[in-house]
Amino acid sequence: MNKQAEKLFNQGKKEAAVKLLVEDLKQDPKQLPEILQLSTYLVQAGDLEQAEELLARSLEIFKDNQDLLYNLGNIYYLADKYDKANDIFQKLVNNDYAFEAYFMMAKTLDQQGKRQLAIMYALTAVEKAPKDLQSNELLADLLLANGNFQEALTFYQAANKIQPAAKYYFNMALCAMNLKKDYQAYLNQAKKLDEKYYLKNEKKLADLQEFIKKQGDSNDGQ
């Protein structure tokens with residue numbers, strides 16, 4: 001990795017960092033750490049096209065390099081090219097690449113509307129990296145969206161242990177409410193941690209309360 005470019009990038013001088021790496025790679029195009037660094041900087045600067053071109057060209061030099069493939073898969077994901085992203089992450093999963101491949105596979109499958117499969121890959125990501133915040137959050141989000149409230153609650157609790165957040169407390173409350181369990185303590189914590197987030201999502205809560213109440217009323221009338 002080019003330390004000077006890293007310093008420039010961290011100072012907000014993104015163009016200068018990119019230019020320095022481009023010049024460096026012109027001198028020697030076979031510097032894998034610099035290629036990965038440049039692709040990351042291009043993505044963060046929003047230049048997905050250049051990043052894709054760089055990685056595709058580099059994969060001709062470093063045949064099937066898994067780190068290059070992973071970065072390219074991320075670019076396809078960000079560019080909404082989910083079929084291409086899926087192909088790459090599937091290849092990485094087959095080669096038992098790090099948990100990140102399972103995590104990104106889950107995200108890609110979710111975007112393709114394959115939630116059940118996405119849950120399976122997200123669960124594997126969590127099994128491979130139990131302390132990874134994003135993997136626990138993704139799995140909890142997928143389970144909540146799928147109506148698996150008890151399991152979602154468990155993984156929001158796991159994410160919250162790693163790093164407490166209003167979102168996790170709020171969604172724990174949603175899960176508890178659906179499970180007809182006490183949820184007020186979760187809401188209090190969500191409000192305490194981030195009142196703006198709580199107020200922004202309050203309507204979601206009111207709608208759910210109304211829905212559950214209506215369900216209860218219709219069951220009573222049966």
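Bear in mind the structure is a predicted one, so any value in this text is a computation, not a measurement. Numbering of residues begins from 1 in every chain and follows the order in which that chain's sequence is written. Under the rules for a predicted model, residues below a pLDDT of 70 receive no local features and side-chain atom pairs below 80 are neither given nor counted, while totals for whole chains, interfaces and linings still include all residues. The side-chain figures draw on all heavy atoms in the structure; neither hydrogens nor water molecules are used.

Asker: Please set out the overall build of the chain residue by residue, giving values where relevant.
Answerer: Counting from the N terminus, the helices are the DSSP runs of H or I reaching at least four residues and the strands are the DSSP runs of E reaching at least two. Within the chain one finds 14 helices and zero strands. Reading the chain from its N end, one meets helices and strands in the order α-α-α-α-α-α-α-α-α-α-α-α-α-α. With respect to the three principal axes, the spread of C-alpha positions in the chain is 75 × 35 × 25 Å. In the chain, the proportion of contacts linking residues at least 24 apart, taken out of those at least 6 apart, comes to 46%. The method behind every accessible area is Shrake-Rupley, applied with a 1.4 Å probe, and residues are considered shielded solely by the protein chains displayed. Working note: accessible area of the chain is about 12,700 Å², and carbon and sulfur atoms make up 49% of it. Positive residues here are Lys and Arg, negative ones are Asp and Glu, while His and the chain termini are left out of the count. The atoms used to mark charge sites are NZ of Lys, CZ of Arg, CG of Asp and CD of Glu. Charged side chains in the chain number 29 positive and 32 negative. The centres of these two groups are separated by 3 Å. It only takes one pair of heavy atoms within 4.5 Å for two residues to be counted as in contact.

Asker: Which residues make up the side chain of N86, and what values go with them?
Answerer: Inspection of the secondary structure puts N86 in helix α6 (residues 82–94). On the accessibility criterion, N86 (12% relative accessible area) is buried. Side-chain polar atoms of N86 contact the side chain of Q112, separated by 2.8 Å. Filtering out sequence-adjacent residues up to four positions away, N86 remains in contact with M105, T108, L109 and Q112. For the exposure calls, accessible area comes from a 1.4 Å probe over protein chains only, and a residue counts as buried if that area is under 20% of its type's maximum, exposed if over 50%, partly exposed in between. For the purposes of these results, a polar contact is taken to be a pair of N or O atoms within 3.5 Å, where, inside protein, one atom must be able to donate a hydrogen and its partner to accept one; residues adjacent in sequence count only when each atom of the pair is a side-chain atom.

Asker: Can you lay out the pattern of salt bridges for me, pointing to particular residues and giving the numbers?
Answerer: Salt bridges are counted wherever a side-chain nitrogen of Lys or Arg sits within 4 Å of a carboxyl oxygen of Asp or Glu. Summed over all chains, the structure comprises eight salt bridges. Of the charged contacts, one joins K26 and E23 as a salt bridge, the two residues approaching to 3.6 Å between their closest N and O atoms. Placement of both K26 and E23 in helix α2 (residues 14–27) is noted, with a separation of three residues, approximately one turn of the helix. Residue E23 is classed as partly exposed on the basis of its relative accessible area of 37%. Overlapping salt bridges bring together E137, D141 and K167 as one network.

Asker: Which residues make up the packing of α6 against helix α7 (residues 99–111), and what are the values?
Answerer: It is the contact of α6 with α7, at a shortest axis distance of 9 Å, that shows an interaxial angle of 150°. As the angle between them shows, α6 and α7 are arranged roughly antiparallel. By crossing handedness, the relation of α6 to α7 is classed as left-handed. Here Y82, A85, N86, F89, Q90, L92 and V93 of α6 come into contact with α7, specifically with A101, Y102, M104, M105, T108, L109 and Q111. A class-by-class count of the residues in the contact of α6 with α7 yields 10 nonpolar, four polar and no charged. Helix axes use the C-alpha atoms of the stretch in contact, all axes being lines fitted to C-alpha atoms, and the angles between their N-to-C directions lie in the range 0 to 180 degrees. Comment on the angle field: the value is read as roughly parallel under 35 degrees, roughly antiparallel over 145, roughly perpendicular from 65 to 115, and oblique elsewhere. Two helices that cross are described as forming a left-handed crossing if the nearer one is turned anticlockwise from the farther one by less than a right angle, and a right-handed crossing if clockwise. Under the grouping applied here, Gly and all other residues not named as nonpolar or charged are polar, the nonpolar ones being Ala, Val, Leu, Ile, Met, Phe, Trp, Tyr, Cys and Pro and the charged ones Asp, Glu, Lys and Arg.

Asker: Requested: an account of the environment of A165, with residues and values cited.
Answerer: Tracing the sequence through the fold places A165 in the loop between α10 (149–162) and α11 (166–178). Taking the C-alpha atoms as reference points, A165 and L193, separated by 28 residues in sequence, lie 6.9 Å from one another. In contact with A165, other than residues within four places in its own chain, are N160 and L193.

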